[in-house]
Each structure stands twice: as C-alpha cells, then as structure tokens.
Amino acid sequence: MNHDDIDLTGSKVLVVDDTPANMDVLRGILEEQGYRIFAAPSGEVALKIAPRTLPDIILLDVMMPGIDGLETCRMLKKDPVTKDIPIIFVSAKTDIQDIIDGFKVGAVDYINKPIRREEVLVRVHTHLEIVALFKAQEKLSQVLAQKNAELIETQQQLVQSEKMASLGTLTAGVAHEINNPNNFVNVSAQNLAFDVKQLNKFIVALAGDKADEVVLASFREQFTPLYRHVSTIKEGSDRIKNIVQDLRAFSQLDSFSKKIVDVGECLQSTVNLVKTNFLKVAVFDCRFGTDISLFCYPAQLNQVFINLIINACDAIRLKQQQQLLAKESEIVLGKVIISCNKKENNMIITVTDNGCGMDEITKNKLYEPFYTTKDVGEGSGLGLSISYGIVQKHNGELKVESVLGEGSCFTLTLPFEE
Ligand SMILES: Nc1ncnc2c1ncn2[C@@H]1O[C@H](COP(=O)(O)OP(=O)(O)OP(=O)(O)O)[C@@H](O)[C@H]1O
Ligand SMILES: [Mg+2]
C-alpha cells in the first residue's frame, strides 16, 4: 500500500488537557485536518472515554491535577482494550528525563509546549499513518491466511478428484480385460459341470445294472473331487464376475436411467435387506423427513446406502468382538442411525454408528479402491470407492467424521437439480 493511498480523514483523536486554552488550540489545529476530536479535561475522564470511543491516537498532557499524564498513560497501557492506542505526550516539561519517563510508560512520541502547529500535525499524521498501515497489514494477513486455506482445500479436492478420475479409467480398463476371459471360464465351468455329469452317467450305464457295488463306489470316489473342483472354479469365477460388476459401477460404465424416487423408501428397503444379517449386532433407527424425493440413479444410490450401512454394522461388530476379547464387562449395544432430510437445495443423508471408529490413516485412504482393514475374504475395499464415484456422478459430497473407539458418521449431500 502506498502512503498516499491512506485517507486519514475522520481519524479519532482524544485530546487530554486540563487547560481550556491548550485544548482549544489543539482542537483547532486537528479539526482543520478533518480529524474527529474527543476532549477530556482530566486523566480520570480520559480513562472513561478511551475504552468507549476507541480513538486512533491520544494526545496527553503530562501535568494535570488528579491522575497525572504518566499515570493515565500507565493505566491505558494496562487495559487490553486501550493498550494498543498510540499516546503522544504534550508537555511544557523539556527535561530529557521527563521525556524518557514518558517513553518508559509506553508513549510513542513527545511534543513540547508551546504548541507549534506544524509539529503537531506532522507527529499526529505520522502516528496515524503507522496505525493505519498496521491495521491494513493485519487485514491483509487475515485475507492471505484465508486465501491460503482455500487454496489448500481446492488443491486437496483437485488431487482427490484427479486420483479418482484416473482410477476410474484404470479400473474400467481392468474390468473390461477381466470380463471377457472370465466369461470363457464361467461358461466353460458350466459346460464342464454338465459334461462331468454326463460322463458319470455314461460310465455307470456302461457298467450296467448288475455292476458290482465296489465298482460303483470307486466311480463315486473318482467323480466326487471332479464335481468339487468344477464347482470351485464356478464359484471363483462368479466372485470375479461380482467384482467386475463392482468395478464397472465404480468406473460408471453402466449408466442406468435417472428417475424421481423417494429416497426414504430406498433407504428403508436397504435397511431391511441388511438388517437380517445383523439382527444380533445392532438396532436400526430411521429418521426420515417428509417430501424427500430426488431425481437420481436409484440403483446406484442404493449401492451407496448398502455400502455405508454394512460398513456401519461391520464397525459395530468389530468393536463388540474387541470388547469380548478384552473381557470387558459391558458389550456395546450397537446402534445405526440413518437420517434423510431436505436442507436448502440439498438432500442430506447421514449414517451414524457407535462402532470402532477409525484412525487417521484409514480416514485418509477411505475412498481408495482395495483399501480395507478387514480380514482377507471379508472385505474387498471397493465399497467406498464405488460409492465415491456414484456420489460424484450426482454432483454430491461424501464426508466422514469419526472418533477411534467411539464411532463414525458419514454425511452424504446430494443437490436437487435446477
Ligand atoms: N463406519 C465405519 N466405521 C469404521 N471404519 C469404517 C467405516 N466405514 C468404512 N470404514 C473403514 O474403511 C475401509 C474401507 O471401506 P470400504 O467400504 O471401501 O471397504 P470394506 O468395507 O473394507 O470392503 P467392501 O468392499 O466389502 O465394502 C474399511 O475396511 C474400514 O476400515
Ligand atoms: Mg464396505
């Protein structure tokens, strides 16, 4: 900021002097400059006026009856409200010791009486300018800090969405590449199962009706593992199929049509589905507002709901298992609260649990595909990454608050379309 840019007109000046003639001279000089003058005939009055008017500067006479200037200055500097206001002593005392005493109690300058107009103007102007510059700098620092925080947040969002976008492309490619060969395996496994059955029948038929029971038993012994192997191949391939489906949903290759649905109904049906598996783990508390319809991809939103609710139940079950292992006397009564309400232009859905909560590492990696803290075979780590993609497709936001050992709350914000 250039000094010429600073407009000091209207600056508040408190003049403290017990001599009316001095007061008049100072008032005349300062009012000419467009300053607003507050007058105090004594230290006592100054101490009352200063905190109320918060002047930009104080001109303080040293020798006054009652509380003198030095004491008034000391008290003003003690008060947190007035301590930063610059004080200039105005005095007929010209001893160097008097001036030093003035600076010691916190004054910023010293003007000698008799008052010289030019001197008063230059000194007052300089200190008002310093105050104005200081305030401007403070404001600038605040703006800078705020802009910096905004920048960091935008950067984080950018990194997150870029990461998700490239993961989307990658997983779409992987899903496609796995899908085709897995289809061969799946169909071949079905054919193989049929062929093995046929071969079994054929061999039994060849042996004839009068075949020895020992021979038939040995056939069974030979075929049993064959059936088992074929069914293992089929099961594995089915699992790959499901994962591929999840990956496709995550990368949003399949776009089902958009519809208006009652989100409460979607949530309720999801709760019903999940509930049966977790009857002994938690109770479910649904708190839905009225008029909660949304234009959305319902099948995909359901997927988000199911992921969030199952995760909540898993977290509670884990906490209960930990408590059992630690032989704690009280096992937590699991509770999952699902709420859905309209707020301004958004639908706000929350899923809150009193489960195990999560640490900082998990919070940071939550939406990464394949990140899981669950045991092998218990979680693929895709649930939240898929959900994240779906929420983005709805221009929404998914946020989490969690305290380790206490529980978590996922908040899903979905905007209504204009
Ligand atoms: N409500 C919750 N409370 C505590 N931890 C959670 C919660 N929700 C998610 N997490 C943590 O985030 C991890 C990732 O969740 P995500 O749903 O993506 O995968 P997952 O549940 O492990 O596996 P799946 O693919 O079967 O959903 C979980 O393993 C768990 O550590
Ligand atoms: Mg999950």
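Keep in mind the model is a prediction, meaning the values are calculated, not measured.

### Side note on the overall build of the protein chain
- The helix and strand inventory of the protein chain stands at ten helices and twelve strands.
- Relative to the compact-globule value of 22 Å for 418 residues, the protein chain shows a C-alpha radius of gyration of 40 Å, a clear excess of over 25%.
- If you line up the protein chain on its principal axes, its C-alpha atoms span 140 × 50 × 45 Å.
- With 418 residues in all, the protein chain has 25% of them scored as buried.
- Contacts in the protein chain between residues at least 24 apart in sequence constitute 70% of all its contacts with a sequence separation of at least 6.

### A word on the sheet that holds strand β9 (residues 334–343)
- Reading across from one edge, β7-β9-β10-β12-β11 is the order of the five strands in this open sheet, with mixed pairing throughout. In the strand order of this sheet, the two ends are held by β7 (282–288) and β11 (397–403), each with one partner. Neighbouring strand axes in the sheet, compared pairwise and without regard to direction, differ in orientation by 10 degrees on average.

### Things to note about the packing of helix α2 (residues 43–53) against helix α3 (residues 69–78)
- Contact geometry of α2 with α3 gives a least axis separation of 9 Å together with a crossing angle of 20 degrees. In terms of their interaxial angle, α2 and α3 are classed as roughly parallel. In this structure, α2 crosses over α3, and the sense of that crossing is right-handed. Listed contacts from α3 to G43, A46, L47 and A50 of α2 are G69, E71, T72, M75 and L76.
- For the contact of α2 with α3, the residue count by class is five nonpolar, three polar and one charged.

### Some thoughts on the site of ligand 1
- Around ligand 1, 23 residues are found, and the nearest of them are A315, T372, G379, G383 and L384.
- Counting residues per element, the ones that place at least two in the shell around ligand 1 are α8 (298–325) and α10 (383–393).
- Ranked by the residues each element gives to the shell around ligand 1, the list is headed by α8, at four residues.
- Of the residues contributing to the shell around ligand 1, the split by class is eight nonpolar, 13 polar and two charged.

### Digging into the pairing of strand β4 (residues 87–91)
- Counting buried positions along β4 gives four out of five residues, so the element sits mostly inside the fold.
- Read from strand β3 (residues 57–61) through α3 to β4, the crossover connection turns out right-handed.
- As paired strands, β4 and strand β5 (residues 109–112) are joined by four bridges and run parallel to one another. Bridge pairing links F89 to Y110 in β5.

### Quick look at the sheet that holds β5
- Taking strand neighbours across the sheet as the criterion, the five strands line up as β2-β1-β3-β4-β5 in an open arrangement whose pairing is parallel. If you trace the sheet from one side to the other, it starts and ends with β2 (36–40) and β5, each paired once. Ignoring strand direction, the axes of neighbouring strands in this sheet form an average angle of 20 degrees.
- Summarising the sheet, strand β1 (residues 12–16) and β2 pair through five bridges and their orientation is parallel. For V13, the partnering residue across the bridge sits in β2 and is I37.
- Running over the sheet, α2 touches β1, β2 and β3 and is turned about 170 degrees from β1.

### Some words on the domain arrangement of the protein chain
- By the assigned domains, the protein chain splits into domain 1 (3–115), domain 2 (156–251) and domain 3 (259–415).
- Placing the centre of domain 1 and that of domain 3 at their C-alpha centroids yields a distance of 64 Å.

### Some remarks on the nonpolar core
- Membership of the largest hydrophobic core comes to 36 residues, with the highest contact counts inside it found for I309 and A312.
- Elements supplying a minimum of two residues to this core: α7 (263–275), β8 (293–296), α8, β9, β10 (346–353), α10 and β12 (407–415).
- At nine residues, α8 tops the list of elements feeding residues into this core.
- Not counting residues within four places of it along the chain, the set of residues in contact with I309 comprises T270, V271, V274, V336, I338 and V351.
- Counting 26 residues, the second-largest nonpolar core is a separate cluster that includes L26, L59, L76 and L128.

### Section: α2
- Those residues of α2 lying buried are G43, A46 and A50. The arc that holds every buried residue of α2, seen down its axis, measures 40 degrees, which confines them to one face. Away from its buried face by more than 90 degrees, α2 exposes K48 and R52.
- Remark: L54 follows α2 within two positions and exhibits a positive phi of approximately 40 degrees.

### Remarks on α7
- Given a rise of 1.5 Å per residue, 13 residues ought to cover 18 Å, and the 18 Å separating the end C-alpha atoms of α7 matches this to within 8%.
- When we look at burial in α7, the residues that qualify are V263, G264, C266, L267 and T270. Seen end-on, α7 carries its buried residues on one side only, within an arc spanning 160 degrees.
- Along its buried surface, α7 packs onto β6 (259–262), β7, β8, α8, β9 and β10.

### Observations concerning unusual backbone geometry
- A cis amide bond links K113 with the next residue in sequence, P114, at an omega value of 0 degrees.
- Among the structural elements, P114 can be located in the loop between β5 and α5 (117–207).

### Digging into the environment of I130
- When you line up the elements, I130 lands in helix α5.
- I130 sits 23 residues away from A107 along the chain, and the two C-alpha atoms are 14 Å apart.

### Examining the packing of α8 against α10
- Between α8 and α10, whose axes approach to 9 Å, the crossing angle comes to 145 degrees. For the pair α8 and α10, the sense of crossing is left-handed. The segment α8 lies against α10, with Q300, L301, Q303, V304, N307, L308 and N311 engaging G383, L384, I386, S387, I390 and V391.
- Split by residue class, the contact of α8 with α10 holds seven nonpolar, six polar and no charged.

Reading guide: rules and limits
Residues numbered from 1 in each chain as written. Chains lettered and ligands numbered in written order. Predicted model: local features only at pLDDT ≥ 70, side-chain atom pairs only at ≥ 80, totals over all residues. Helix = DSSP H or I, 4+ residues; strand = E, 2+ residues; numbered from the N terminus. Rg over C-alpha atoms; globule rule 2.2 N^0.38 Å. Buried ≥ 20, exposed ≤ 12 C-beta atoms within 10 Å, placed from the backbone. Contact = placed C-beta atoms within 7 Å. Pairing = 2+ DSSP bridges. Axes fitted to C-alpha atoms, helices over the stretch in contact; angles between N-to-C directions. Parallel < 35°, antiparallel > 145°, perpendicular 65-115°, else oblique. Left-handed = near helix turned anticlockwise from the far one by under 90°. Nonpolar A, V, L, I, M, F, W, Y, C, P; charged D, E, K, R; others polar. Near = placed C-beta within 6 Å. Right-handed = clockwise from strand over helix to strand, strands pointing away. Domains from an automatic or database assignment. Core = buried A, V, L, I, M, F, W, Y, C linked by C-beta atoms within 7 Å. Arc of directions from axis to C-beta. Expected span 1.5 Å × (residues − 1).

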